[in-house]
Amino acid sequence: MIQVTRLADALGAEIGGLDLSRPISRELFPEIRAAWLEHLVIRIRGQKLSDPQLLAFSRNFGELDPPGPNPLGRPFLADHPEMNVISNIKQDGVPIGGLGDGEAIWHADMTYVERPPMAAILYAIEIPPAGGDTYWANMVAAYETLPEDLKRRIEGLEAVHDATYNSAGAMRKGYRDVTDPRTAPGARHPLVRTHPETGRRSLFLGRRRNSYVVGLELEESERLLDELWRHATQPRFTFRQEWRVGDVLVWDNRCTLHRRDAFDPRARRLLHRTQVRQPA
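The rules we used
Residues numbered from 1 in each chain as written. Predicted model: local features only at pLDDT ≥ 70, side-chain atom pairs only at ≥ 80, totals over all residues. Heavy atoms only, no water. 1 Å grid on protein atoms, 1.4 Å probe; cavity = no way out; pocket = protein on both sides within 12 Å on 5 of 7 lines; lining within 4 Å. Points joined across faces, edges and corners; volume = space filled by probe spheres on them. Helix = DSSP H or I, 4+ residues; strand = E, 2+ residues; numbered from the N terminus. Nonpolar A, V, L, I, M, F, W, Y, C, P; charged D, E, K, R; others polar. Buried < 20%, exposed > 50% of the residue type's maximum accessible area, 1.4 Å probe, protein only. Pairing = 2+ DSSP bridges. Salt bridge = Lys/Arg side-chain N within 4 Å of Asp/Glu carboxyl O. Contact = heavy atoms within 4.5 Å.

Participant: Which parts of the structure should I look at to understand the layout of surface pockets?
Facilitator: To locate leftover empty space, one rolls a probe as large as a water molecule over the atoms. As a volume, the largest pocket reaches approximately 720 Å³. In terms of lining, the largest pocket is formed by 41 residues, of which the most central are Ile-86, Gly-98, Leu-99, Asn-166 and Ser-167. Of all elements in the fold, only strand 4 (84–87), strand 7 (98–99), strand 8 (104–107), strand 18 (256–260) and strand 19 (270–276) reach the threshold of two or more residues within the lining of the largest pocket. Sort the elements by how many residues they give to the lining of the largest pocket and strand 4 lands first, with 4 residues. Among the residues making up the lining of the largest pocket, the classes are represented as 16 nonpolar, 15 polar and 10 charged.

Participant: Would you mind showing me how to read unusual backbone geometry here?
Facilitator: If a residue is not glycine, its phi is most likely negative; likewise, a peptide bond is most likely trans. The phi dihedral of Leu-40 is positive, around 75°, even though this residue is not glycine. If you trace the backbone, Leu-40 turns up in the loop between helix 1 (29–39) and strand 3 (41–44). The exposure class assigned to Leu-40 is buried, which follows from its relative accessible area of 2%. Although it is not a glycine, Asn-210 sits at a positive phi angle of roughly 65°. The class of Asn-210 is buried, set by a relative accessible area of 12%.

Participant: What am I meant to see in the sheet that holds strand 15 (residues 212–213) here?
Facilitator: The strands that make up a sheet pair up through hydrogen bonds in the backbone, lying either parallel or antiparallel. Read across the sheet, 3 strands follow the order 12-11-15 without closing on themselves; strand pairing throughout is antiparallel. With one partner strand each, in any of the chains shown, strand 12 (188–190) and strand 15 form the two edges of the open sheet. Of the strand pairs in this sheet, strand 11 (residues 158–160) and strand 15 are connected by 2 bridges, and their pairing is antiparallel. Bridging across to strand 15, Val-160 finds its partner in Tyr-212.

Participant: Sorry if this is basic, but what is going on with empty space enclosed by the protein here?
Facilitator: Inspection of the entire model under this criterion finds 2 cavities of 30 Å³ or more. Looking at the largest cavity, its volume works out to about 40 Å³. Residue lining of the largest cavity: Arg-193, Thr-194, His-195, Pro-196, Arg-200, Ser-202, Arg-254 and Cys-255, and that is the complete set. Partitioned by chemical class, the residues of the lining of the largest cavity number 2 nonpolar, 3 polar and 3 charged. Roughly 30 Å³ of volume is contained in the second largest cavity. In terms of lining, the second largest cavity is formed by Pro-116, Pro-117, Met-118, Arg-193, Phe-204, Asn-253, Arg-254 and Gln-278. In terms of residue class, the lining of the second largest cavity is made up of 4 nonpolar, 2 polar and 2 charged.

Participant: What should I look at first to understand the pattern of salt bridges in this one?
Facilitator: Oppositely charged side chains can form a pair if their charged atoms are brought close together. Under the criterion given, the structure shown has 21 salt bridges. In this structure, Glu-197 and Arg-33 form a salt bridge, with 3.1 Å as the shortest nitrogen-oxygen distance. Separated by 164 residues along the polypeptide, Glu-197 in the loop between strand 13 (192–194) and strand 14 (201–203) and Arg-33 in helix 1 bring together distant segments of the chain. Exposure remark for Glu-197: the relative accessible area of 36% places this residue in the partly exposed category. The shortest N-O distance in the salt bridge between Asp-247 and Arg-45 comes to 2.8 Å. Remark: Arg-45 occurs in the loop between strand 3 and helix 2 (51–58) and Asp-247 occurs in the loop between strand 16 (238–241) and strand 17 (248–252); sequence separation between them is 202 residues. One exposure class covers both Asp-247 and Arg-45, and it is buried. Through salt bridges with shared partners, a single ionic network connects Arg-33, Glu-197, Asp-252 and Arg-254.

Participant: Would you explain the side chain of Asn-253 in this entry?
Facilitator: Tracing the backbone through its elements, the reader meets Asn-253 in the loop between strand 17 and strand 18. Not counting chain neighbours up to four residues away, the residues in contact with Asn-253 comprise Ala-108, Asp-109, Pro-116, Pro-117, Met-118, Ala-119 and Phe-204.

Participant: Any chance you could explain the environment of Leu-203 here in plain terms?
Facilitator: With respect to the helices and strands, Leu-203 occurs in strand 14. Overall, the relative accessible area of 1% leaves Leu-203 in the buried class. The sequence separation of Leu-203 and Leu-271 amounts to 68 residues, and the corresponding C-alpha distance is 28 Å. Beyond its immediate stretch of four places on either side in the chain, Leu-203 contacts Met-139, Ala-142, Tyr-143, Leu-146, Ile-154, Leu-191, Val-192, Leu-228 and Ala-232.

Laid out in structure tokens, this is it:
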């Protein structure tokens with residue numbers, strides 16, 4: 001039996017008594033997965049993991065998905081290209097990871113592709129003394145609390161999820177600036193999705209910049225998306241993570257958004273990240 005403690009009313013739970021440096025038994029992992037599906041985000045503190053150990057734990061959730069393109073155009077970890085690095089640290093003037101030290105806006109991961117990852121795992125190695133907190137928002141609760149007329153209005157609608165910029169606002173390698181959201185490159189996804197494991201319905205918004213609701217006039221699309229984003233990112237739907245070294249966070253990318261606070265650029269922040277492929 002694992003110990004599960006709720007972290008916030010909206011979402012999030014801490015699981016105690018786990019040592020992720022050891023293999024997870026077949027009997028135990030279904031309990032971990034059930035807690036993750038129920039609470040959308042799980043936190044496991046006090047871990048000391050090598051990269052292979054983090055990869056081994058991540059593979060319990062499914063096949064790993066390689067990270068999206070970064071501004072360098074190559075993996076941050078040559079020995080582990082399936083792992084991403086989130087950091088503001090530079091060596092010889094070259095970033096060792098992505099997203100720097102600025103704010104990362106609300107988003108879900110890689111929704112600009114046809115099959116975004118279903119889960120992500122983030123492990124804290126170095127943490128600044130202040131700032132850099134991460135927030136998650138529950139898109140199941142956001143959908144369930146929409147006014148009924150707005151639920152009817154968005155039923156069956158799809159939005160374009162722009163691929164041009166990352167969540168820190170940097171343009172991805174190989175893309176050009178977008179001036180009209182209707183021309184943005186990226187996948188189309190329904191505004192409302194049904195979770196394949198829980199059956200719960202949720203908003204699926206991706207990120208706000210250059211989003212466009214297919215088939216609407218641009219002004220109407222902008223008004224509708226603004227209304228949905230204002231609702232979905234209310235504090236009552238969120239959980240705030242104040243990081244400690246050794247924290248491992250696992251979240252369901254299918255039904256959450258997340259963002260990050262800025263922090264002092266003179267401080268060091270280093271996290272290693274994996275993500276899990278959504279089954280076909």
